[in-house]
Amino acid sequence: MDELVFRKARVADAPEIHELINRFAGDNLMLPRPLMEIYETIRDFQVCLDSGRVAGCCALHVSWQTLGEIRSLAVNLGHQRKGGGNCLVDSCLEDAGEIGIERVFVLTYVPDFFTRKGFEPIPKDDLPHKIWADCVRCPKFPNCDEEALIRSVRRKSGND
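On a predicted model such as this, the values are computed, not experimentally measured, just so you know. (Residues numbered from 1 in each chain as written. Predicted model: local features only at pLDDT ≥ 70, side-chain atom pairs only at ≥ 80, totals over all residues. Heavy atoms only, no water.)

**Q** Sorry if this is basic, but what is going on with the pattern of salt bridges here?
**A** Working definition: two side chains of opposite charge can pair if their charged atoms are close together. Counted under the stated rule, the structure contains 7 salt bridges. Between Arg 53 and Glu 16 there is a salt bridge, with the nearest N and O atoms lying 3.6 Å from each other. Placement of Arg 53 in strand β3 (residues 53-64) and of Glu 16 in helix α1 (residues 14-25) is noted, with a sequence separation of 37 residues between them. By relative accessible area, Glu 16 is classed as buried at 19%. (Salt bridge = Lys/Arg side-chain N within 4 Å of Asp/Glu carboxyl O. Helix = DSSP H or I, 4+ residues; strand = E, 2+ residues; numbered from the N terminus. Buried < 20%, exposed > 50% of the residue type's maximum accessible area, 1.4 Å probe, protein only.)

**Q** Looking at this model, I keep getting lost on the sheet that holds strand β6 (residues 120-121). Mind explaining?
**A** Note: strands within a sheet are paired through backbone hydrogen bonds, in either parallel or antiparallel orientation. Across the sheet, which stays open at both edges, the 7 strands sit in the order β1-β2-β3-β4-β5-β7-β6 with mixed pairing between neighbours. The open sheet has two free edges, formed respectively by β1 (5-8) and β6, since each of these has just one partner strand. As defined by bridge partners, strand β4 (residues 67-75) adjoins strand β5 (residues 103-108) across 3 bridges and the pair is classed as parallel. In the sheet register, Glu 69 faces β5, and the bridge partner there is Phe 105. Each of β2 (45-50), β3 and β4 touches α1; the most contacted strand, β3, lies at about 80° to it. In the packing of helix α3 (residues 84-99) onto the sheet, the strands contacted are β1, β2, β3, β4, β5 and β7 (147-152), and the crossing angle to β3 comes to about 30°. (Pairing = 2+ DSSP bridges. Contact = heavy atoms within 4.5 Å. Axes fitted to C-alpha atoms, helices over the stretch in contact; angles between N-to-C directions.)

**Q** How do you make sense of the nonpolar core when you look at a structure like this?
**A** Proteins that are soluble and globular tend to have nonpolar side chains buried together. Within the largest apolar cluster, 20 residues are counted, with the highest numbers of intra-cluster contacts made by Ile 70, Val 89, Val 104, Phe 114 and Phe 119. Looking at this core, the elements that each hand over two or more residues are β3, β4, α3, β5 and α4 (111-115). Ranked by residues supplied to this core, first place goes to α3 with 5 residues. Other than its neighbours up to four places away in sequence, Val 104 contacts Leu 60, Gly 68, Glu 69, Ile 70, Leu 93, Ala 96, Phe 119, Leu 149, Ile 150, Arg 151 and Val 153. Membership of the second largest hydrophobic core comes to 17 residues, among which are Phe 45, Val 47, Cys 57 and Ala 59. (Core = buried A, V, L, I, M, F, W, Y, C linked by side-chain atoms within 4.5 Å.)

**Q** Sorry, what's going on with the packing of aromatic side chains here?
**A** How two aromatic rings sit relative to each other is given by the distance of their centres and the angle of their planes. Per the counting criterion, the structure on display carries 2 aromatic pairs. Between Phe 113 and Phe 114 the ring centres are 4.9 Å apart and the planes differ by 85°, which places this aromatic pair in the edge-to-face class. For the residue pair Phe 113 and Phe 114, the accessibility class agrees, reading buried in each case. Both rings, one in Phe 114 and one in Phe 119, keep their centres 5.3 Å apart while their planes meet at 80°; by these two values the pair is edge-to-face. Pair check on accessibility: Phe 114 and Phe 119 agree, each one buried. By the ring-pair criterion, three or more aromatic residues cluster together here, those being Phe 113, Phe 114 and Phe 119. (Phe/Tyr/Trp six-rings, centres within 6.5 Å; stacked < 30°, edge-to-face > 60°.)

**Q** Got a minute to help me understand the environment of Cys 57 in this structure?
**A** Its place among the elements puts Cys 57 in strand β3. Distance from Cys 57 to Arg 71, taken between C-alpha atoms, is 9.3 Å for residues 14 residues apart in sequence. With residues near it in sequence (within four places) discarded, Cys 57 still touches Ile 17, Leu 20, Ile 21, Phe 45, Gln 46, Val 47, Ser 72, Leu 73, Ala 74 and Leu 88.

Given below as structure tokens:
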């Protein structure tokens, strides 16, 4: 395995991102994403590459004026526990600060990973109803068993 390379996703990465996300979605570990949606939101994604292939991905989705969501965090099993997920989330948090997002939330089955990154539990009902638009596609809807967590993000000033 080569050293992982991290960068913003490119259009050419979309099929591999789609495959990775939907592999985990097939095990009910995350929400499936159609390929068309990956293309439409490609600018939201960060990827890590191993030998030029997508080994992990993560997206920052703008939900509201100052609220963003970390979504679609997926790292190939052979690459997990090697820092890739941390770097992907850190990149999304940095992006959030750069574009003026003040708080970022996540819905997850792995809350411990996110609490180590400064996220704190929040009741799902405290999140804006707008964020539930994707939930109707979930096979577990309306009985969501994911945990909601949120954290503040340091906004970058225009001079940074």
